[in-house]
Each structure stands twice: as structure tokens, then as C-alpha cells.
Amino acid sequence: MTSSLETIRTLLVRDHDLPPERLGEDASLETLGIDSLGIMELLWNLEEDLGITLPTDRVELHTLGEVATYVDGLVAERRDEPTESTPENAPENAAASASTPHERG
Amino acid sequence: MRRVAVSGIGALCPLGNDVGTLFENARGGRSAVHRLDIPFADRLAAALGATTDFDPSAHLDKLESRMLDRYAQLARVAADRAVADASGALGALDPERAGVFLGTGMGGTLSMDEGYRTLYEEASDRINPFTVLLGMHNAAAAWIGMAHALRGPALTYSSACSSAAVAIGEAWARVARGELDVALAGGSEAPLSPGSLKAWEALRTLATLDPDDPAASCRPFSRDRSGMVLGEGAAMLVLEPLERARARGAPLHGELLGCGLTNDATHITRPSVAGQAAALMAALEAAGLSPDRVDAINAHGTGTPANDATETAAVRAVFGERAERIPISATKALHGHLLGAAGALECVLALAAMRHAVALPTMHLREPDPDCDLDYVPNAAREGVTARVTLSSSFAFGGTNAVLALGALD
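In what follows, the accompanying structure is described.

What counts as what
- Residues numbered from 1 in each chain as written.
- Chains lettered and ligands numbered in written order.
- Predicted model: local features only at pLDDT ≥ 70, side-chain atom pairs only at ≥ 80, totals over all residues.
- Core = buried A, V, L, I, M, F, W, Y, C linked by C-beta atoms within 7 Å.
- Buried ≥ 20, exposed ≤ 12 C-beta atoms within 10 Å, placed from the backbone.
- Contact = placed C-beta atoms within 7 Å.
- Helix = DSSP H or I, 4+ residues; strand = E, 2+ residues; numbered from the N terminus.
- Pairing = 2+ DSSP bridges.

1. As for the nonpolar core
Looking at soluble globular proteins, one finds that nonpolar side chains tend to be buried together. One finds I168(B) and A283(B) to be the most contacted residues of the largest nonpolar core, which totals 141 residues. Residues contacting A283(B), with those up to four places away along its chain left out, are G258(B), C259(B), G260(B), L391(B), V403(B), L404(B) and A405(B). If you look at the next biggest cluster of nonpolar residues, it comprises 15 residues, including L12(A), I34(A), V67(A) and A68(A).

Here's what the structure looks like:
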């Protein structure tokens, strides 16, 4: 089970006007029209919504499921670090706490 | 050299978002300068600006709205409208012989300001990942090129307040020399960020607020002038060979006859009579015209004490006694100073003025200044002024002077 998939779907609907029914786990980002910049923006938003910090190494992500698995791994790593875990950053609250820092101006 | 026509115009500016509306507002002397109602207003000595009624979401998709700074959004939409207005200019075209020439003084300064606010005010490291793409000066030209598949040069000119006139002049030269068959040329500016407003204020260039009538705060050529008011907006022109446009039967806005470019090479801000006069002469030379052929001038006319007196002296130096009989319009009193877009908007106004046989008014000219003693068409439009040739002047901080010579077409 991938817990961040719903957050990813919410962001793609919000930022790209994509219909939710196209956003299955196997949906290809390229097919959805999400290019490298779109993936970068998505990951940037997930950092905030899920309280994670993306590593600087490059990663190849092609489907929504791959993004979710990658992000879930980072969330799990974060949970393993007891000093940094905060309840408001938990994925369950991600949609509610989604911010729109890039739409300010 | 080929003759070059203006076959399309798109403009979004404080006076209106189509040529008809903005021209009528200029003709009626209706100022778009107003008090700025922004959170930062209390930090400004005079919270004044001229804003454009523009909602990007009505024109661009969500991703474009996020990836383009307001200056690029304005430019994109102005370019779309210019292309639509040019009725088929992009048809039957070798895309490598079509280019974009865009002037902007401050590029994505709103986005840069926002990025710095995130970093320094919020002390957050989560700066918008598109900040580079939003801020870069060449973004607007790039997006316009992509939108219309123009594969010739996509160039950005940044010479402060003459940027757009330089861009239009450079585009004219390429089309006239036969290097390009279509050029989208103009300028765009969205400078009303707190940082930008404060920087212009610190340089002591901005007008003081007229408490009785804020809209009259910018008063070019008036003895009581106190400076300029910043404005935002974009204007784009479609330039193409006159013969090509006529073969298509396209309705035309006018002809671009030539462009004169000079550099003061004296001082970073102080204007030079010699430099401005040389640019006026260079425009006439490029157009193959003698000074007695000039019927009207759209002045740079910023409303700063230094510019307006210097510009008056430069016009006198070029035209001699005849200078007093040339109607000179300073429309920045109405739309504010659009900086890197100013030359394009004023070119649009000058072309429309010729088509309607109107000399546009220089508004808020309350007190004659002995150092500004020409015919500025004070405070009311003059109807029935037939002009075949109009010069549109743009003089910039840094010293780059650009004068466009515009011609009427029957």
C-alpha cells in the first residue's frame, strides 16, 4: 500500500487539472503531460506536504506508483528518525496541509 | 531595404487591453495612475502606480500561470493578440525566418522579489523551484517563440527605459534587410514589487503624490513636475514586409520607417542633449527623411525634471525654429512609465494617433516651464492633426537612446 498516492493525485488534480480517473498507480507521468519540470515541482510540493527532504541524487520516476513508492520510502526513513518526526507532517494530513507557495504571486 | 509594415498589435496596459480602448482613454486624457492599494504601501513615500487589469488565469493554463512571471504572462498574451490581429501573418511562413524581439528592463523582478522574501523575510529555504525560469529576462521571448513556433532569433533587449524601442528597432532592421519575414517585437514590464518600487524611490526618480488628484501625480513638461510613476503592461507588434502584408490584403496599422540608436556615453543617469539629438537624427537618417518631414513626436516625457528639459533642448537642436510647430505628446502622464515596455506602448499610441488624425494630450501640464517651451498639446487632445511621420522617443538610464520613425499608410 502506498500512502502518498492520494497526496500525489490531489496535487496533480490541483496543479494540472487532470481528471482523477486518469491518475491510477500505473499512469505514466509522460503520458499525463508531466515533464521533468512538472516532476520537479511535484516532488518539491511533496517535500512540504509530507515533511520530507529529497536527497540530491537523481532519480528516474516514470509512473505515479514509482513516485509514491519513492516518496513513501523517504517518509519511512523520516519516521525512523525519532527526533524529527512530527505528527502534523504525517501523510494522513497531507492534503489538508497542502500549501500553495508557488501561487502567491 | 524592404519597407516594413505593422500588421498586428496586441497591448495590455493601464489604459486598456485593446488598441481601441487604450487609444480612446489617451485621447480623452483619462489617467490610469492611482494610489497603490498593496500591503507595502505604507512603506512608500508615494504609493502610486499604473496597473493593468489582467488576470492570467483567464488566458493561460495553470502551469503557464505558475511558470511565467507576470511580465512574461503579459507579453505572452499581448503577442497572441498581435498575431490574431495580424490576420494570417504566420501563415505560409518559413519558421526560421520569424523571430521574437522583446524589451524588458526588469524581467521577472516580481518573482525575484518573492524569492528573496521567502529566503530572507520568512527565513525559509523553500524557494519556488521555478524562480530562475520566472526571473530570467529572456523567458518572455522564449515562451512567445514556443507558443507560435517561431524558430528564428528570440532575443531580449534590456536597456532600461528604451528596451522596447530598441527591440522594435532591431526587429525592423532584420525585416528591412531581408533576414526575417516576420518579427514579433515589443516590450513587457511588471515592476510593481515592493523591492522595485523602493529601489526607484531611493533613486529619487518617482513622483510625489498629488493629494488632491493622485491620478495627476505625473506631470511631464510642467514646471511643477516631480518625477515618474511606474506602470505595468506589455505591447507587441507584428512586423513584416509591407509587400507581403499587402499581398495578403491585411489591414495595417502603419509603417515602421526606421530606428535611430545612440549611446550617451557620458553619465549613468543624467540625460544628454547631444545623445538624444543624435538619436533623433539617426532615426531620420535610417528612414531617409529630412527633419522637415516630421509632423509629430511622441516624447519620452517621463515627468522628471532632468529628462523633460533635456528632451526639449534635443528637439530644438534637431528641428530649430520649426520645433515649436511640432505637436509633442507625453502620454506617460496617463499610463505611467512602463520602463522596458514604454517604447512599444508609445509606438502603439503614436500609430493610432496618426490613423485617427489626433495629437494626443500631455495631461497635467499645469505650469509652463521656461525650460520646456515647445508645443506639448497641453491638457486636451487636438483633433484633425494630420501626421504622415511621427517620431517616438525612448531615452534610458544607462544612456541608450532609441527613436522610432513611424509612417502613416493609406
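2. Some remarks on the environment of T269(B)
Residue and element names in this part refer to chain B. Along the chain, T269 turns up in the loop between β8 (254–263) and α10 (273–287). With 15 C-beta atoms packed within 10 Å, T269 lands in the partly exposed category. When the C-alpha atoms of T269 and G399 are compared, they prove to be 7.1 Å apart, with 130 residues separating the residues in sequence.

3. Some points on unusual backbone geometry
Located in the positive-phi region is D17(A), a residue other than glycine, with phi close to 55 degrees. As for its placement among the helices and strands, D17(A) is situated in the loop between α1 (5–16) and α2 (36–50). Phi angles above zero are rare outside glycine, and L339(B) is one such case at about 50 degrees. By the secondary structure assignment, L339(B) is in the loop between α12 (332–335) and α13 (342–355). Assessed through the 31 C-beta atoms surrounding it within 10 Å, L339(B) is described here as buried.

4. Details of the pairing of strand β7 (residues 233–241) of chain B
All names here are of chain B. Most of β7 sits out of view: 8 of its 9 residues are buried. The pairing of strand β1 (residues 4–12) with β7 spans 8 bridges and is antiparallel. Looking at the pairing, V6 lines up with L239 of β7.

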